[in-house]
Structures are given as C-alpha cells and as structure tokens.
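Single-letter residue listing:
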Amino acid sequence: MADIEEIRKLKARYFRLLDHQDWQGLSDVFAPDARIDVSSSTVSGSGRGVYSSRDSFVDTVSKLLHGAVTVHHGHTEEIELTGADSASGVWAMEDRIWFPEGSPVRTLWGAGWYEEEYERVDGRWRIKRMVLRRQRLELDGNPID
Amino acid sequence: MADIEEIRKLKARYFRLLDHQDWQGLSDVFAPDARIDVSSSTVSGSGRGVYSSRDSFVDTVSKLLHGAVTVHHGHTEEIELTGADSASGVWAMEDRIWFPEGSPVRTLWGAGWYEEEYERVDGRWRIKRMVLRRQRLELDGNPID
Amino acid sequence: MADIEEIRKLKARYFRLLDHQDWQGLSDVFAPDARIDVSSSTVSGSGRGVYSSRDSFVDTVSKLLHGAVTVHHGHTEEIELTGADSASGVWAMEDRIWFPEGSPVRTLWGAGWYEEEYERVDGRWRIKRMVLRRQRLELDGNPID
C-alpha cells in the first residue's frame, strides 16, 4: 500500500509540475530513458508525439506550451505492483489548454487514459513508460477524429 | 486499507469499462442482483433508470450509448467498511456524452454523486447498490430541473 | 497510511458538504481558528477572501452561494505527514458555479490548487490552513487576470 501511495503521488506531481511549467521537476518524474507516446494529443498532425527519452519529451512540451495556460487532471487510478520494483497503472485524464494569441490553435479540450509502467531505482519510483489514448479531443471546439 | 484500495479500483473499472463500452467487463463490476438507480440521468423522462439486476442495467445502457462517445469521471471517494465483507461509499462524478447524429439529444453534461454499497463474495468486491443523485444536468446545453 | 486515508476523506467531505450547502457540516471540517485564503476566487474584487476563522469563512460563503448551484471537484492529492498530529497537502481542483437569476455574475468556472495544512485534535483531523491558488478563472465565460 505504501508503494501504491508513492506512485499515486508521483503521477500527481506529473500533473502539477506540468501545469506549473516546472520543466526540471517534470523531467524528474520520468526515468531517463522513458518511452512516451502522447501522439493522440498532437496538435499539428500524425507522426509527432512519440519520444524515447524524458529529455526529448520535456524539451518539446516546454516549447509547445510556451505562453499557454494548461489544466491537466487525473482520475481513478488503477495501480498494480508487478514486481518488487515495478508497477503498472491506468489513469483517466482530462486536459484543457489555452494557447497564446496568434497561435494556429487557441484552445484544446480532451479526455482519455494514461497507460503507464513504473520502476523503482535507488528507492525512487519513476514513470518508465507513458501512453496517452483519447476518447475525445477538441481543437478550437471542433472534435478531431 | 487493502480492502479500500480494492473498492477504489472496482469503481475505477466501472468508469473505464463504461467509457470503453466493454459491456461484459462492466457487468462483472456488479453483483448479479445489484440494485441500480440512475433515474437522475434519464434522457427520456421520469420513470426510467431504476434496475433490479446488472443484466437489465447493462442491457439498457449498452443500447442507449450505442454509437455515442462518453466521458465518466469519478472523484474524492469516501469509502467505509461496514462489515467483514460489506462497505459503503460516496463518489463525486462528472459525465459527458456525445450522442450520434440524428439522436433526439446530441450532448449531455452532468455532475452528481454515486451513493453505493459493496459486498465481497468469493473474495471479490462488487457493487451491490448504486444510486446516482445529480446537482446539475444539461441536455444540449440546457439545464434540466 | 490510515492517517492519509482519513485526511483524504476529510477533504472529500469539504467538497461534498460545500456543494450540498451543509454549512454546519462544512464548518466541522475546519479547525475553529483555521486560516483560509480563497481570494483567488473573489467575484467582487481584490481584498476579499481571506479569513482567520472557520465561522467567518462559512458565514461569507453561505451568503455568497445562496440560491446557487455549485460543483467543486478535487484531484490527485499529495498528502505528507509532517508530525504525529500534523500533515500538509496539495489538491488540484475545478469548480463551477451557477448563480441565481439577477446576480451580477451568472457563471464561474475555474481550476487551481488547494495548499493545505491539517492537524489532529482529540483524534480528529481537521483543516488548519487552506489557500487556493488558481491557474485559470472565468466569470460569465471571460477569463480574469
């Protein structure tokens, strides 16, 4: 139970630090070689949104969200320990973004699920793999297929 | 604490499987003779929305949501163990539905609380009773009294 | 872990009793001398929203929300025990208010974080300090700086 609570707080930090645009803190939530797939959120078309390190993910996100206000919320986590130092989890999510004036897209609203794997190294849990799948995504109020 | 976590994940599956339209999985979240009252969600008037078995509930919901996209989120559960194999809980909730083109109602947005009872049979927790009470419900953007 | 769960349910009651307009119950969630700062929510300008007792907070909120329908949801808590009978926490939040007809403001939507301290007195956890910071607040659909 203590491990599950630690992983709960790990993901809570992900949401909070992302919305605070604390890029150093956000990076620290992930394992260095984390595999991340948020292609379902891509504003500018398919092919983007897949990353093989936390550095490339945070670098891209920090540029994409420059000047934006974001709200990312997570819900009803299902966390399972899969080994002494490994775990998996699913989180429901909802996000809203207001991009700055002059951006090609001004607002984003979406909902989906994060499918994740976690690992503990040197006593600290981190996100090892994160995939975002969406049930609905709207840009400027229009649904994207 | 382990029982509370199990019940938390049980309700998390309810939300996830409902939005995935996994009707077999959703059914399995409930006790066979579960009493379910979601009449506060009824799109087509009073008198509907009360069920005395999981089969009748899932059958109706699966037809109602055919072709729809749904987002059901749960929040800030208050779970109390009431016996060795029984528990009660309250969950805040928010839901959104987009019905398919041609439907009499195209969008639903609402918020409320699930009041629930759980029981453990053969080592598995299930929802025994579920009542949804709403503080606000909008159909096509118009509030329903 | 049991203490963390108790604090989780304490804050869950805060959200539920506020939206039920159960003012006696809401008051009981706080320590009598709780310090509360929700100035980021203030509808009628700066200078309001800071309270040095639960009574003054609940008295003001009960008048402000008279006749309104409200939805307050909390997410992804990060609770840390800081002593035998003290703890701190951060909660993400989203709120919606529909004020009654004739009010100067008709709708509020916002998101932010509660930063809180808790204390246990006579075996019961209570909120000792609550500060709400927002990332976004809209009144009648218009963002407030």
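Since we're looking at a predicted model, the values are computed, not measured.

## What to know about the side chain of Ser27(C)
Part 1: Its location among the elements puts Ser27(C) in helix 2 (residues 23–28).
Part 2: Those residues in contact with Ser27(C), other than ones at most four positions away along the chain, are Arg54(C), Asp55(C) and Val58(C).

## Observations concerning the interface of chain C and chain B
Part 1: Contacts between chain C and chain B engage 20 residues on the former and 20 residues on the latter.
Part 2: Each partner contributes to the roughly 1,600 Å² buried at the junction of chain C and chain B, and carbon and sulfur atoms together form 59% of this total.
Part 3: Applying the counting criterion to the chain C and chain B interface returns four salt bridges.
Part 4: Salt-bridge contacts for Glu94(B) lead to Arg96(C); the nearest nitrogen and oxygen are separated by 3.5 Å.
Part 5: Inspection of the chain C/chain B interface yields seven residue pairs in polar contact (both at pLDDT 80 or more).
Part 6: When residues of the side of chain C that touches chain B are traced back to their parent elements, those giving at least two are helix 1 (2–19), strand 3 (69–83) and strand 4 (86–98) of chain C.
Part 7: Among the elements that take part in the side of chain C that touches chain B, helix 1 of chain C stands out by supplying nine residues, more than any other.
Part 8: Among the residues making up the side of chain C that touches chain B, the classes are represented as eight nonpolar, five polar and seven charged.

## A short note on the relation of the copies chain C and chain B
Part 1: Once chain C has been moved 0.0 Å along the axis and rotated by 120°, it coincides with chain B to within an RMSD of 0.0 Å. Such a turn and shift between the copies fits a three-fold axis. Relative to the rotation axis, the C-alpha of His75(C) is the closest in chain C, positioned 3.9 Å from it.
Part 2: Of the residues that chain C buries at the interface, just 20% are likewise interface residues in chain B, meaning the two copies contact each other through different surfaces.

## Notes on the interface of chain B and chain A
Part 1: The partner chain A presents 20 residues to the 20 residues of chain B that form the contact.
Part 2: In total, chain B and chain A occlude about 1,600 Å² of area from one another, counting both sides; carbon and sulfur atoms represent 59% of this.
Part 3: At the junction of chain B with chain A, the criterion picks out four salt bridges.
Part 4: Salt-bridge contacts for Arg8(A) lead to Glu5(B); the nearest nitrogen and oxygen are separated by 3.1 Å.
Part 5: Where chain B touches chain A, the interface holds seven residue pairs in polar contact (both at pLDDT 80 or more).
Part 6: When contributions to the side of chain B that touches chain A are tallied by element, the ones reaching two or more residues are helix 1 (2–19), strand 3 (69–83) and strand 4 (86–98) of chain B.
Part 7: If you tally residues by element for the side of chain B that touches chain A, the top one is helix 1 of chain B, at nine residues.
Part 8: In terms of residue class, the side of chain B that touches chain A is made up of eight nonpolar, five polar and seven charged.

Calculation criteria
Residues numbered from 1 in each chain as written. Chains lettered and ligands numbered in written order. Predicted model: local features only at pLDDT ≥ 70, side-chain atom pairs only at ≥ 80, totals over all residues. Heavy atoms only, no water. Helix = DSSP H or I, 4+ residues; strand = E, 2+ residues; numbered from the N terminus. Contact = heavy atoms within 4.5 Å. Buried area = accessible area lost by both parts, 1.4 Å probe. Salt bridge = Lys/Arg side-chain N within 4 Å of Asp/Glu carboxyl O. Polar contact = N/O pair within 3.5 Å; in protein donor to acceptor, adjacent residues only side chain to side chain. Nonpolar A, V, L, I, M, F, W, Y, C, P; charged D, E, K, R; others polar. Least-squares fit on C-alpha atoms with pLDDT ≥ 70 in both.

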